[in-house]
Amino acid sequence: MKIGYFLSSEEWGPRDLVAQAIRANEAGFEGLWISDHYHPWNDEQGHSSFVWATIGAIATAVPGVHVTTAVTCPTLRIHPAVIAQAAATAAVLLDGEFALGVGSGEALNEHIFGDAWPNADERLEMLEESIEVIRALWQGGAQSYRGRHYRVEHARIYDLPSELTPILISGFGPKATALAGRVGDGFCTMSPDADAVRSYRSQGGEGKLVQGGTKVCWGADEQAALEHVVRLWPNEALPGELPQILPTPEHFEQAAQLVTPEMLAEEVVCGPDVNRHVAALKRYADAGFDELYVNQIGPEQDAFFEAYARHVLPALR
């Protein structure tokens, strides 16, 4: 299993993200995930830059690095024809080392124009149609499209990579997993769920890429590390569909009052114990993942990269 670094656009500004991309490459991480948000989950995180500009800067700063968006929602906030153009440009700048990770989105980001937030089934229907639009435009030449949700009239993307960019689909339930198997070039999710991987493989995903993401908080003091998680990422322990339907950072802050430190300690490995970090990441390999992207929560970024380069990554490999 390859291990990459997960850049958090919600917790860090664009200059910091580029610096982390450089540091991750130097530390031996094999590629990058980068989140695509309009809002952070809460005001304590405090950032949410335009991911496509950041990807352009990373392409210049870290030549040859592979980048995947984790994930872009190509349905409401940005029309899929525009996402097709943005992703094509990113792939050109990255010399083809780019994958478009997509998902059905969260109201947190997609509500900003006042559109009604569709139910889960309709969001997946919109996602599937948006992928059709993107792939049509990536064929080159002038393209038109008329579907239930989207129309494209004589649009052409002039700057395309030499090979088609893979589209990975995020899945947190059986319907999204089935969609990924049916139309995706890969599957991505956040938990080491072996059943989800098997389900994806059995529904068209055999031989295709499976990516995972996880968060940790490396630090010399386990309690201090947990306090960083409680302050910055209490949403990690919110259950069910809440992350998809709550519309504002303020709503997430209200919901997070129900989250306890004990709940977060179950979700995020904290502290300096190398064996615990290795064990947490190895669960993804055991579940059948091909790649895993790790995000370090909080300010101890240099200590994290040093510890992972010297201890955690060698132990996993």
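Residues numbered from 1 in each chain as written. Predicted model: local features only at pLDDT ≥ 70, side-chain atom pairs only at ≥ 80, totals over all residues. Heavy atoms only, no water.

**Comments concerning the overall build of the chain**
Scanning the chain from N- to C-terminus turns up 13 helices and 11 strands. Taking 2.2 N^0.38 as the reference for a compact globule, 317 residues should give roughly 20 Å; the C-alpha atoms of the chain span a radius of gyration of 19 Å, in line with that estimate. Nonlocal contacts in the chain, meaning residues at least 24 apart in sequence, comprise 73% of its contacts between residues at least 6 apart. Each charge class in the chain was averaged separately, 22 positive and 43 negative side chains, and the resulting centres sit 6 Å apart. (Helix = DSSP H or I, 4+ residues; strand = E, 2+ residues; numbered from the N terminus. Rg over C-alpha atoms; globule rule 2.2 N^0.38 Å. Contact = heavy atoms within 4.5 Å. Lys, Arg positive; Asp, Glu negative; His and termini not counted. Charge placed at Lys NZ, Arg CZ, Asp CG, Glu CD.)

**Section: the nonpolar core**
One finds F29, W52, I58, F98, L100 and Y308 to be the most contacted residues of the largest nonpolar core, which totals 73 residues. Counting residues per element, this core draws most heavily on helix α3 (residues 80–93), at eight residues. Apart from residues no more than four positions distant in its own chain, L100 is found in contact with W52, T69, T72, I83, A87, I134, W138, T165, P166, I167 and L168. Core analysis: the second largest hydrophobic core is formed by 18 residues, C217, L232, L246 and F252 among them. (Core = buried A, V, L, I, M, F, W, Y, C linked by side-chain atoms within 4.5 Å. Buried < 20%, exposed > 50% of the residue type's maximum accessible area, 1.4 Å probe, protein only.)

**Some points on the pattern of salt bridges**
Tallied over the entire structure, the rule returns 14 salt bridges. A salt bridge links K282 to D286, with the shortest nitrogen-to-oxygen separation between them at 3.1 Å. One end of the pair is K282 and the other is D286, both in helix α12 (residues 274–286) and four residues apart, which spans about a single turn. The exposure class assigned to D286 is exposed, which follows from its relative accessible area of 56%. Through salt bridges that share partners, D36, R77 and E110 make up one connected network. (Salt bridge = Lys/Arg side-chain N within 4 Å of Asp/Glu carboxyl O.)

**Some words on empty space enclosed by the protein**
Tallying each qualifying case throughout the model produces one cavity of 30 Å³ or more. Of the volumes computed, that of the largest cavity is approximately 30 Å³. Sorting the residues of the lining of the largest cavity by element identifies α5 (120–137) and β5 (143–146) as the ones contributing at least two each. Class assignment for the residues of the lining of the largest cavity results in five nonpolar, two polar and no charged. (1 Å grid on protein atoms, 1.4 Å probe; cavity = no way out; pocket = protein on both sides within 12 Å on 5 of 7 lines; lining within 4 Å. Points joined across faces, edges and corners; volume = space filled by probe spheres on them. Nonpolar A, V, L, I, M, F, W, Y, C, P; charged D, E, K, R; others polar.)

**Structural notes on helix α1 (residues 14–27)**
With 14 residues, α1 should reach 20 Å at 1.5 Å per residue; the first-to-last C-alpha distance of 20 Å fits that figure. Within the sequence span of α1, burial applies to L17, V18, Q20, A21, A24 and A27. Just downstream of α1, G28 is the residue with a positive phi angle, here 100°. (Expected span 1.5 Å × (residues − 1).)

**Focus: unusual backbone geometry**
For the bond from A70 to V71, the omega torsion is -15°, close enough to zero to count as cis. Tracing the backbone through its elements, the reader meets V71 in the loop between β3 (67–69) and α3. In this structure, D95 is a non-glycine residue whose phi angle is positive, near 55°. Positionally, D95 belongs in the loop between α3 and β4 (98–102). D95 sits in the exposed class, given a relative accessible area of 68%.

**Comments concerning the packing of aromatic side chains**
Using the criterion set out here, one finds 15 aromatic pairs in the structure. With centroids separated by 5.3 Å and ring planes inclined at 5°, the aromatic side chains of W33 and Y293 adopt a geometry described as stacked. Linking W33 in strand β2 (residues 32–34) with Y293 in strand β11 (residues 291–296), this pair joins segments that are 260 residues apart in sequence. A single burial state applies to W33 and to Y293, both of which are buried. The rings of Y5, F29, W218, F304, F305 and Y308 are connected pair by pair, giving a single aromatic cluster. Lying across the ring of F6, K215 places its NZ or CZ 5.0 Å from the centre. One residue, K215, lies across the ring of W233, its end atom 3.7 Å from the ring centre. (Phe/Tyr/Trp six-rings, centres within 6.5 Å; stacked < 30°, edge-to-face > 60°. Lys NZ or Arg CZ within 6 Å of the ring centre and 35° of its normal.)

**So, the packing of helix α2 (residues 51–61) against α3**
Viewed as axis vectors pointing N to C, α2 and α3 meet at an angle of 10°, and their least axial separation amounts to 9 Å. In terms of their interaxial angle, α2 and α3 are classed as roughly parallel. Contacts from W52, I55, G56 and A59 in α2 reach I83, A86, A87, A90 and L93 in α3. (Axes fitted to C-alpha atoms, helices over the stretch in contact; angles between N-to-C directions. Parallel < 35°, antiparallel > 145°, perpendicular 65-115°, else oblique.)

**Here's the deal with the packing of helix α6 (residues 174–183) against helix α7 (residues 194–205)**
The packing of two helices is summarised by the inter-axis angle and the distance between the axes. Running from amino to carboxyl end, α6 crosses α7 at an angle of 40°, the nearest separation of the two axes being 7 Å. With respect to the hand of their crossing, α6 and α7 are arranged in right-handed fashion. Note on element contacts: α7 touches α6 through A196, S199, Y200, Q203, G204 and G205, opposite T177, A178, A180, G181 and R182. For the contact of α6 with α7, the residue count by class is four nonpolar, six polar and one charged. (Left-handed = near helix turned anticlockwise from the far one by under 90°.)

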